[in-house]
Amino acid sequence: MEAYFDNAATTAVFPEVKDIMIKLMDEDYGNPSSLHMKGVEAERYIKTATTQIAKELKCQEKEIVFTSGGTEANNMAIIGGAMAHRRAGKHIITSEIEHASVSATMDFLAKEGYEISVVGVDSVGKLKLDELKATLRPDTILVSVMYVNNEIGAIQPVEEIGKIIKDYNSSILYHIDAVQAFGKLRFTPKKLGADLLSISGHKIHGPKGSGVLYIKEKTLIRPIIYGGGQQKAMRSGTENVPAIAGMGLAAELMYKNHDAKMEHIRGLKEAFIDKVTTLENVFDNSGEAPHIASVSFVGIRSEVMLHALEERGVYVSSGSACSSNKPHVSNVLKAIGLDNTKLESTLRFSFSEFNTMEQVEYAVQVIEEILPVFRRYIRK
């Protein structure tokens, strides 16, 4: 049996998404900027995808900009927002558990003369709101936080964070990295108070290389890609029509029968945690997100456990997929205060609607079989 439990890294595309992308590459392959019918047909697909995304976010279609993924959306929001507002100040706030596409962008801006303040989190990965309040300053121009943490599944109180920011100064840009939240939680940027919000297609059974940045109407932000002026000059370059159409359809399908899907996914996660934590020296670090479980197998290095599971057809992650191929200690796990034994032995299991309880039971069975082998080896 095979059990793919790395859905926070990427998901299998919906069959309908694959079909529409093949059709676009095989038949309706025109450049959407072309004036002939092939171009008009391609433009129609972009319009449909825009409508689909805007419907799920309950926003205006003109507030949607398609990107190559969550990383570009985060870069566009942070760099574009910072550059547009630098005359008002150069102070930016983020958290200590952000995705690399945010933290590395902050490092870049720090080298460009911006001052970056990093707010801490508590033992369950929630932003320390009192610390955020104390960090806000008259020259603060941007706050960027993630909605759902990609490693442990902690859900930030993003609506409350937005209120704190806007009550202090309504001109401060508020950016939410919602890559792990979109498709799993129901929300609207307006209700959260977001000026900018990033989402990604391949986390919701859409294609890799697809993403969206929501830009609230009248929000001042500078482009970071220049050229032919596509997408209202906000993001130049010929649109990736197959990816855009695939992402739009994936968003629509993801929110169809959404409550039942999330109940299924959450049931898988909870059943897995309930079963696996009955085993010796196995601990749960998971947040409230329905699809992400973080589990420590104390005494066994995460890479060793990962490959032992892989040999039996169980696919998981030792952290964020963007950095898990490089030896490092997770900043997220350090931030929530895990001791060294857990820091070195934590795996992420992440679930989708394509997973089954049979797969969960198989994974637990495999873990039950391989743990005693490792334990005996360690004790020698």
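Residues numbered from 1 in each chain as written. Predicted model: local features only at pLDDT ≥ 70, side-chain atom pairs only at ≥ 80, totals over all residues. Heavy atoms only, no water.

Student: Hey, could you run me through the overall build of the protein chain in this one?
Tutor: Scanning the protein chain from terminus to terminus reveals 13 helices and 12 strands. A compact globule built from 380 residues should have a C-alpha radius of gyration of about 21 Å, and the protein chain, at 21 Å, falls within 12% of that. Taking all 380 residues of the protein chain together, the buried fraction comes to 57%. In the protein chain, once contacts between residues fewer than 6 apart in sequence are set aside, the share between residues at least 24 apart is 71%. Total accessible area on the protein chain stands at roughly 16,500 Å², and carbon and sulfur atoms take up 52% of it. Charge centroids of the protein chain, computed over 44 positive and 48 negative side chains, lie 4 Å from each other. (Helix = DSSP H or I, 4+ residues; strand = E, 2+ residues; numbered from the N terminus. Rg over C-alpha atoms; globule rule 2.2 N^0.38 Å. Buried < 20%, exposed > 50% of the residue type's maximum accessible area, 1.4 Å probe, protein only. Contact = heavy atoms within 4.5 Å. Areas by Shrake-Rupley, 256 points an atom, 1.4 Å probe, with all protein chains shown as cover. Lys, Arg positive; Asp, Glu negative; His and termini not counted. Charge placed at Lys NZ, Arg CZ, Asp CG, Glu CD.)

Student: Honestly, the nonpolar core in this entry has me stumped. Any pointers?
Tutor: Core analysis: the biggest nonpolar cluster contains 87 residues, and Tyr147, Phe187, Phe272 and Phe349 have the highest contact counts within it. Residues within four places of phenylalanine 272 in sequence aside, it is in contact with Ala293, Val295, Phe349, Phe351, Val360, Val364 and Ile367. One finds Ala73, Ile78, Val102 and Met234 within the second-largest nonpolar core, a separate group that totals 20 residues. (Core = buried A, V, L, I, M, F, W, Y, C linked by side-chain atoms within 4.5 Å.)

Student: Please explain the sheet that holds strand S8 (residues 211-215) as it appears in this structure.
Tutor: To summarise the sheet geometry, strands pair through backbone hydrogen bonds and adopt either a parallel or an antiparallel arrangement. Taken in spatial order, the 7 strands line up as S2-S8-S7-S6-S5-S3-S4 in an open sheet, and their pairing is mixed. Each of the sheet's edge strands pairs with one partner strand only, and the pair in question is strand S2 (64-67) and strand S4 (115-119). Strand-to-strand twist across the sheet, computed as the mean angle between neighbouring axes with direction ignored, equals 20°. With 5 bridges connecting them, strand S3 (residues 91-95) and S4 associate as parallel partners. For histidine 91, the partnering residue across the bridge sits in S4 and is glutamate 115. (Pairing = 2+ DSSP bridges. Axes fitted to C-alpha atoms, helices over the stretch in contact; angles between N-to-C directions.)

Student: Would you mind showing me how to read the sheet that holds strand S10 (residues 292-297) here?
Tutor: Taken in spatial order, the 3 strands line up as S9-S10-S12 in an open sheet, and their pairing is antiparallel. Among the strands making up the open sheet, the edge pair consists of strand S9 (282-284) and strand S12 (346-350). Averaged over all neighbouring strand pairs, the angle between strand axes comes to 30°, with direction disregarded. As judged from the 3 bridges shared by S9 and S10, these two strands associate in the antiparallel manner. Directly across from phenylalanine 283, in S10, lies its bridge partner serine 296. Its contacts with the sheet place helix H9 (residues 258-276) against S9, S10 and S12, and it is angled at close to 15° to S10. Contacts between helix H10 (residues 302-311) and the sheet are confined to S10 and S12, with S12 contributing the most and set at about 40° to the helix.

Student: Is there a simple way to think about unusual backbone geometry in this case?
Tutor: Backbone geometry places lysine 232, a non-glycine residue, at a positive phi of 60°. For lysine 232, the position within the fold is in the loop between S8 and helix H8 (241-254). You can call lysine 232 exposed: its relative accessible area is 58%. For alanine 233, which is not a glycine, the phi torsion comes out positive at approximately 65°. If you trace the backbone, alanine 233 turns up in the loop between S8 and H8.

Student: What is the right way to read the side chain of threonine 219 from this model?
Tutor: Mapped onto the secondary structure, threonine 219 falls in the loop between S8 and H8. What makes threonine 219 buried here is its relative accessible area of 17%. Polar side-chain contacts of threonine 219 include one of 2.9 Å to the backbone oxygen of lysine 216. Beyond its immediate chain neighbours, meaning those up to four positions away, threonine 219 contacts Leu173, Asp195 and Leu196. (Polar contact = N/O pair within 3.5 Å; in protein donor to acceptor, adjacent residues only side chain to side chain.)

Student: Looking at this structure, how should I read the side chain of threonine 94?
Tutor: Its place among the elements puts threonine 94 in strand S3. You can call threonine 94 buried: its relative accessible area is 4%. Look past the residues within four positions of threonine 94 in its chain and what remains in contact with it is Val102, Met106, Ile116, Ser117, Val118, Val119 and Ser144.

Student: I would appreciate a short explanation of a positive patch on the surface in the present structure.
Tutor: Taken together, Arg86, Arg87, Lys90 and Arg222 make up a surface patch of like positive charges. With respect to the helices and strands, lysine 90 occurs in the loop between helix H3 (70-84) and S3. (Patch = residues over 30% accessible without salt bridge, like charges linked within 9 Å, V, L, I, M, F, W, Y side chains within 5 Å. Salt bridge = Lys/Arg side-chain N within 4 Å of Asp/Glu carboxyl O.)

Student: Explain the packing of H3 against helix H4 (residues 100-111) to me, please; I cannot follow it from the model alone.
Tutor: In a packed pair of helices, the relevant descriptors are the angle between the two axes and the axis-to-axis distance. It is at 9 Å that the axes of H3 and H4 come closest, and there the two elements cross at 30°. Between H3 and H4, the angle falls in the class roughly parallel. Handedness of the H3/H4 crossing: right-handed. Residues Thr71, Asn74, Asn75, Ile78, Ile79 and Ala82 of H3 form the contact with H4, whose participating residues are Ser101, Val102, Thr105, Met106, Phe108 and Leu109. (Parallel < 35°, antiparallel > 145°, perpendicular 65-115°, else oblique. Left-handed = near helix turned anticlockwise from the far one by under 90°.)

Student: How do you make sense of the pattern of salt bridges when you look at a structure like this?
Tutor: If charged atoms from side chains of opposite charge come close, those side chains can pair. One pass over the structure, following the stated rule, counts 15 salt bridges. Aspartate 139 is the partner of arginine 137 in a salt bridge, and the nearest nitrogen-oxygen pair spans 2.9 Å. What you see here is one network of salt bridges that share partners, running through Lys23, Glu27 and Asp28.

Student: How do you make sense of H9 when you look at a structure like this?
Tutor: In an α-helix, one full turn covers 3.6 residues, which means residues spaced three or four apart are oriented alike. Its 19 residues place the ends of H9 27 Å apart at the C-alpha level, agreeing with the 27 Å of an ideal helix rising 1.5 Å per residue. For H9, the full list of buried residues reads His258, Lys261, Met262, Ile265, Leu268, Lys269, Ala271, Phe272, Ile273 and Val276. (Expected span 1.5 Å × (residues − 1).)

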